[in-house]
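# Remarks on the overall topology
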Amino acid sequence: MSDPGTSAERSLGQLVASATAEMSALVHDEIALAKAELRQDVKRGAIGSVAIIVAGVLALFSLPVFSFAAAYGIHNLGLGLAWSFLIVGGAFVLLAVVLALLAISKFKKVKPPEKSIASAKQTAAVLQTVKPHPRESREPRAKISA
């Protein structure tokens, strides 16, 4: 059997060191959890950003070249030139809308780090309930007069 007085004989310094080490480990674990959650959300945000950039690039640079080629191709099938350009323009707008909707769906999946927030709230609640140990009364020190 262990001596029951062993745990009561720990010095104040040992108790403070133990509490500091445990708090440090807790803070490091919560930071690691927050990093992991944020990493996932940043990845989703990056995918959404890339999709919206691709949509913009497609709409800006390829629109004139392919519009003329497609419109003249449709015109060669026998449709009027104005209708041909209208059909091609509508197709590019439809493509841009589809890519924008993809980007919006990716952005909606970005969430705050809920696990980290809940863990931090739980830790704060536990720390608020902790009461300091009463100190033993000590004899006041005599003042040294000069």
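Described in the following lines is the structure provided in the data block. (Residues numbered from 1 in each chain as written. Predicted model: local features only at pLDDT ≥ 70, side-chain atom pairs only at ≥ 80, totals over all residues. Heavy atoms only, no water.)

## What about the side chain of T123?
Here T123 lies in helix α3 (residues 114-129). Judged by its relative accessible area of 16%, T123 is buried. Within the structure, the side chain of T123 is placed 2.6 Å from the side chain of E30, a separation counted as a polar contact. (Helix = DSSP H or I, 4+ residues; strand = E, 2+ residues; numbered from the N terminus. Buried < 20%, exposed > 50% of the residue type's maximum accessible area, 1.4 Å probe, protein only. Polar contact = N/O pair within 3.5 Å; in protein donor to acceptor, adjacent residues only side chain to side chain.)

## What about the packing of helix α1 (residues 12-76) against helix α2 (residues 81-108)?
Two numbers describe how α1 lies on α2: the axes approach to 9 Å, and their chain directions differ by 170°. Our classification of the angle between α1 and α2 gives roughly antiparallel. Residue classes in the contact of α1 with α2 are distributed as 24 nonpolar, seven polar and two charged. (Axes fitted to C-alpha atoms, helices over the stretch in contact; angles between N-to-C directions. Parallel < 35°, antiparallel > 145°, perpendicular 65-115°, else oblique. Nonpolar A, V, L, I, M, F, W, Y, C, P; charged D, E, K, R; others polar.)

## Here we look at the layout of surface pockets
Counted as a void, the second largest pocket has a volume near 170 Å³. Those elements that place two or more of their residues in the lining of the second largest pocket are α1 and α3. Ranked by residue count, the leading element in the lining of the second largest pocket is α1, at four residues. (1 Å grid on protein atoms, 1.4 Å probe; cavity = no way out; pocket = protein on both sides within 12 Å on 5 of 7 lines; lining within 4 Å. Points joined across faces, edges and corners; volume = space filled by probe spheres on them.)

## Focus: the pattern of salt bridges
Taken as a whole and judged by the stated rule, the model has one salt bridge. Close ionic contact of R44 with D41 constitutes a salt bridge, the shortest N to O distance being 3.1 Å. Of this pair, R44 and D41 both sit in helix α1, three residues apart, which is roughly one turn of that helix. (Salt bridge = Lys/Arg side-chain N within 4 Å of Asp/Glu carboxyl O.)

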